[in-house]
Amino acid sequence: MKLHFEGDLTTLLPGIRALSEELKFTEAEDGIIVRVEPSDGELEVGLEQEQGQAYIRYGQRHHFFRGLGLLVQYGSSGESFNIREQQQFDTIGPMFDLSRNAVLTLDSFKFMLRKMALMGLNTVMLYLEDTYEISGEPYFGYMRGRYSQAELQAIDDYADQFGIEAFPSIQTLAHLEEFLKWEPVGFYKDTKGALLVGDDKVEHLVGKMIETASAPFRSRKIHVGMDEAEELGRGKYLDRNGYQSRFDIMTGHLEKVLEITRRRGLKPMMWSDMFMKLASADGTDQYNTNEQIPEEMAKRIPKDIDMVYWDYSHTDADDYEKLIAKHRPLGCNLVFAGAVWVFNTFGVNYGLSLNATDTALTVCKKEGIREVYATMWGDDGMESNPFAALLGLQLYAEHAYTEGKPNWEQLAERVKFCTGTSADAFLKFKDLDETPGQEPNNRKQSNPSKFLLYQDVLLGMFDKQIEGLELNAHYQQLEQTIKNTRVPDTELDYLFEVPEKLCGVLKLKSEIGIELKLAYDAKDLESLRRIATVVLPQISDAVKALRAAHRTQWLGMFKAFGWEVIDIRYGGVINRLDTASMRLLDYVEGRIESIEELEQERLIYSSSNRFNNRGIGWCSFYYRMASPNVFFHVMNPF
């Protein structure tokens, strides 16, 4: 496709050229004339094509690039069209978790920014716990793939050419376990993850964090974190100062943080959950809609910081309306953060996140919330990846340019155009966890794709939860479905290699513990021998193939740091399969009288199970999936 742009292109040309290969067009004198003009409204996108000429009218730079994508999408047919869109949010975009092993390479980040530009998203938040350099703090992000100042500036430069505002999200209170674990910086530590509030050295460190994290970015925004700090004031702080209320500690520390941001002319935001929890009767429930913020508490919270209400799982509009109302007495500008569920799974829980997003963003429009983010957390190592979440990001984008709920057919057309991959293909990621026995749309957030891979075949900790569900058959069918869905010459086809190979493991491994226990209890020695010599080696070979595919994907998307964690996990699965084969043969051939692990009764793993309509199970941590025994023991966690 040939295009000839006319108009003031001064700020647009770098972005146009960055997208030309993506959109497969060339700039040429004999191309379709595209007249570029300002629109009547700042939040408007307008484009039309008629009689060999096209117009793109835009209020802000990112509107132009959405318009350019729409022009190529609809204009290649040569037919006339006229599109007018009104952006429903001032700010909308993703938050990438760059702190849970998976640190996107610069090229991967640029890839995501190009997709965002086509979608019309206009902001990106970089979640950086310790994955950025701080001068004079060599242990900050040490061996964690931390970004240099130059890399962060390159991300900001690349985003800016599309009119996308990039800014950092850091932690100035808790969630700093990976930095505070180092003994040489122990003087900064209150508890294992929280800073020692009130200490002069800590205050100096927080100043350096804010200065260093904000310096590479044009934006004056900064997210200062401060979420999930339940342990605040319960370690060294308690020893030094005696008991103090967490609310007093929080507000005192927040005021110190704001003194720093005010001096630097920054516009801060923070997660709201701690204030919501501290206002609840038990100090833990941020989603209790029956309790309100006491007036005396609300008065003491500074007003020059935006509060980010995060909510990833509600699907009832009434819940969002009540929780937004609960935030209003804080008197701060309210920002909303939803999610595309890539957390703690090999897949994407699209069943939950698409429905939650539809509800949440519809309510946000009604309630006048103008700033919205889609978080993509990488909890417990990030076996999934943000590229698999592009369908979810497309939903956020289409919500941003639709007054009500987006039309699914139009959304599917847009995601196919923007990513080259169909909506139906993306939805296969949900079926890794949306198995028999789940609640509809996996609304209880079960993650069998992870715990069935990592659970030990002799210990079978999740076996009682999955009895009778025929999960082997589910994963065998899904493996074939994914194979049939793949389109090898498309840009993102490689994303499906890992789920396909994972299904190749789980079609054999999901129920093997149940089969082992039945054969052992029945003293069926021939079945035990067959499992030891045929089935377990087959599973081991399938795990090796999965590991190889996952390694290729990881090293092509992320920095190398962090892969060692996943590598070790795969090694653990393979080694335990080998040990299981040995012990089974020792038993079958009479060298041992029993297999202690198979003598144990199988119990329900957790209160999240299908017997009480809560799915087939959820586990947040690999080490709890792999073993009930001690992986590590900390004498003093503080």
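As a reminder, the structure under discussion sits directly above these lines.
Anyway, here's the lowdown on the structure attached to this text. The numbering scheme is per chain: residues are counted from 1 as the chain's sequence reads. Totals for whole chains, interfaces and linings use all residues, but because this is a predicted model, local features are given only for residues with pLDDT of at least 70 and pairs of side-chain atoms are given and counted only at 80 or more. With hydrogens and water excluded, all non-hydrogen atoms of the structure serve as input to the side-chain values.

### A word on the overall build of the protein chain
Test applied: Every helix listed is a DSSP run of H or I at least four residues long, and every strand listed is a run of E at least two residues long, numbered separately from the N terminus. Based on C-alpha atoms, the radius of gyration is set beside the globule rule, defined as 2.2 Å times the residue count to the power 0.38. Relative accessibility thresholds used throughout: buried, under 20% of the residue-type maximum; exposed, over 50%; partly exposed, between the two (1.4 Å probe, protein chains only). Contacts between residues were defined by any pair of non-hydrogen atoms, one from each residue, lying within 4.5 Å. Calculation of accessible area relied on Shrake-Rupley with a 1.4 Å probe; when residues are assessed, cover is drawn exclusively from the protein chains displayed. His residues and chain termini do not enter the charge count, which takes Lys and Arg as positive and Asp and Glu as negative. Every charge is mapped onto a representative atom, which is NZ of Lys, CZ of Arg, CG of Asp or CD of Glu.
Counting its secondary structure elements, the protein chain contains 24 helices and 14 strands. In summary, the protein chain has a C-alpha radius of gyration of 26 Å against a globular reference of 26 Å for 638 residues, a match within 12%. Overall, the protein chain is about 85 × 65 × 45 Å in size when its C-alpha atoms are taken along their principal axes. Counting across all 638 residues of the protein chain, residues that qualify as buried make up 60%. Taking the contacts inside the protein chain whose residues are at least 6 apart along the sequence as the reference set, 76% of them involve residues at least 24 apart. Per element, the accessible surface of the protein chain, about 25000 Å² overall, is 48% carbon and sulfur. Side-chain charges in the protein chain split into 71 positive and 97 negative, and the spacing between the mean points of these groups amounts to 2 Å.

### Quick look at the environment of Ala 560
Positionally, Ala 560 belongs in the loop between helix 21 (525-557) and helix 22 (563-588). When the C-alpha positions of Ala 560 and Asn 101 are compared, they lie 9.0 Å apart, and in sequence the two are 459 residues distant. Beyond its immediate sequence surroundings of up to four residues, Ala 560 is in contact with Trp 554 and Leu 555.

### What to know about the sheet that holds strand 5 (residues 53-58)
Applied cut-off: Note on pairing: DSSP must find at least two bridges between two strands before they are called paired.
Taken in spatial order, the 6 strands line up as 2-1-3-5-4-6 in an open sheet, and their pairing is mixed. Both outer strands of the open sheet, strand 2 (26-27) and strand 6 (81-86), are each paired with one neighbouring strand and no more. Examined bridge by bridge, strand 1 (residues 2-6) and strand 2 share 2 bridges and lie parallel to one another. By the bridge assignment, Leu 3 is partnered in strand 2 with Glu 27.

### Brief notes about the pattern of salt bridges
Condition: For this document, the term salt bridge refers to a Lys or Arg side-chain nitrogen within 4 Å of an Asp or Glu carboxyl oxygen.
One pass over the full model with this rule turns up 59 salt bridges. Arg 443 serves as the salt-bridge partner of Glu 439, at 3.2 Å between the closest nitrogen and oxygen. On the basis of relative accessible area, Glu 439 is assigned to the buried category, the value being 14%. Here the salt bridges share partners, and the residues they tie into one network are Arg 61, Asp 156, Asp 157, Asp 160 and Arg 218.

### Looking at the side chain of Ser 581
Mapped onto the elements of the fold, Ser 581 is located in helix 22. With residues near it in sequence (within four places) discarded, Ser 581 still touches Ala 532, Leu 536 and Pro 537.

### Concerning helix 12 (residues 350-367)
Since one α-helical turn is 3.6 residues long, residues separated by three or four positions face the same way. Selection criterion: Multiplying 1.5 Å by the residue count of a helix minus one yields the expected span of that helix.
End to end, helix 12 covers 25 Å across 18 residues, agreeing with the expected 26 Å (1.5 Å per residue, within 8%). Across the 18 residues that make up helix 12, a large majority, 14, are buried. Looking one or two residues beyond helix 12, the residue adopting positive phi is Gly 368, at roughly 80°.

### Comments concerning the environment of Leu 432
Here Leu 432 lies in the loop between helix 15 (423-427) and helix 16 (448-454). Take Leu 432: its relative accessible area is 0%, and that puts it in the buried class. A C-alpha to C-alpha distance of 7.9 Å links Leu 432 and Leu 478, two positions 46 residues apart in sequence. Every residue in contact with Leu 432, bar those within four places of it in the chain, is listed here: Phe 346, Gly 347, Pro 448, Ser 449, Tyr 475, Leu 478, Pro 499, Leu 502 and Cys 503.

### Observations concerning the packing of helix 6 (residues 200-214) against helix 8 (residues 246-263)
Counted only if it meets this: To get an axis, fit a line to the C-alpha atoms, keeping to the stretch in contact for a helix; angles then go from 0 to 180 degrees between the N-to-C directions. Any angle from 65 to 115 degrees is called roughly perpendicular, while one under 35 is roughly parallel, one over 145 is roughly antiparallel, and all others are oblique. Should the near helix be turned counterclockwise from the far one by less than a right angle, the crossing is left-handed, whereas a clockwise turn marks it as right-handed. Gly falls in the polar group here, along with every residue not listed as nonpolar (Ala, Val, Leu, Ile, Met, Phe, Trp, Tyr, Cys, Pro) or charged (Asp, Glu, Lys, Arg).
Orientation of helix 6 relative to helix 8, taken along the N-to-C sense of each, is 45°, at an axis distance of 10 Å. What the angle tells us is that helix 6 and helix 8 run oblique. The two elements helix 6 and helix 8 cross, and the hand of that crossing is right-handed. On helix 8, the residues touching Glu 203, Val 206, Gly 207 and Ile 210 of helix 6 are His 253, Lys 256, Val 257, Ile 260 and Thr 261. Across the contact of helix 6 with helix 8, the residue classes tally to 4 nonpolar, 3 polar and 2 charged.

### Comments concerning the nonpolar core
The nonpolar side chains of soluble globular proteins are, as a tendency, buried together. Put simply, the test is: Residues grouped as a nonpolar core are buried Ala, Val, Leu, Ile, Met, Phe, Trp, Tyr and Cys residues, joined through side-chain atoms within 4.5 Å.
By size, the foremost hydrophobic cluster in this structure holds 216 residues, and its most contacted members are Phe 5, Phe 64, Phe 109 and Leu 126. Among the elements that line this core, the one with the most residues is helix 21, at 12 residues. With sequence-adjacent residues up to four places away left out, Phe 109 is seen in contact with Phe 96, Leu 98, Leu 104, Val 124, Leu 126, Tyr 147 and Ile 155.

### Section: the packing of aromatic side chains
The criterion, for reference: Centres within 6.5 Å are what make two rings of Phe, Tyr or Trp a pair, Trp counting through its six-membered ring; a difference in plane orientation under 30 degrees is then read as stacked, over 60 as edge-to-face, and the rest as tilted. Sitting over a ring, as applied to charges here, requires NZ of Lys or CZ of Arg to be within 6 Å of the ring centre and within 35 degrees of the ring normal.
Tallied over the entire structure, the rule returns 39 aromatic pairs. Here Tyr 520 and Tyr 587 contribute two aromatic rings whose centre-to-centre distance is 5.0 Å and whose plane-to-plane angle is 45°, an arrangement assigned as tilted. Of the two residues, Tyr 520 is situated in helix 20 (residues 512-521) and Tyr 587 in helix 22; the sequence distance between them amounts to 67 residues. Each member of the pair, Tyr 520 as well as Tyr 587, carries the same accessibility label: buried. The rings of Phe 5, Phe 25, Tyr 58, Phe 64, Phe 65, Tyr 158 and Phe 162 are connected pair by pair, giving a single aromatic cluster. Over the aromatic face of Phe 187 sits the side chain of Lys 201, whose NZ or CZ is 4.9 Å from the ring centroid.

### Focus: the pairing of strand 8 (residues 123-127)
What counts is decided by this rule: Clockwise travel from the first strand over the helix to the second, with the strands pointing away from the viewer, marks a crossover as right-handed.
Where burial is concerned, most of strand 8 is hidden: 5 out of the 5 residues are buried. Relative to strand 9 (residues 165-169), strand 8 runs parallel, the two being bridged by 5 bridges. In the strand pairing of strand 9, Met 125 is matched with Phe 167. Note on the crossover from strand 8 through helix 4 (residues 149-160) to strand 9: the handedness is right-handed.

### Overview of unusual backbone geometry
In this structure, Glu 228 is a non-glycine residue whose phi angle is positive, near 45°. Structurally, the position occupied by Glu 228 is in the loop between strand 10 (221-223) and helix 7 (236-241). One non-glycine residue, Asn 344, adopts positive backbone phi at about 55°. With respect to the secondary-structure elements, Asn 344 resides in the loop between strand 13 (334-339) and helix 12. On the basis of relative accessible area, Asn 344 is assigned to the buried category, the value being 3%.

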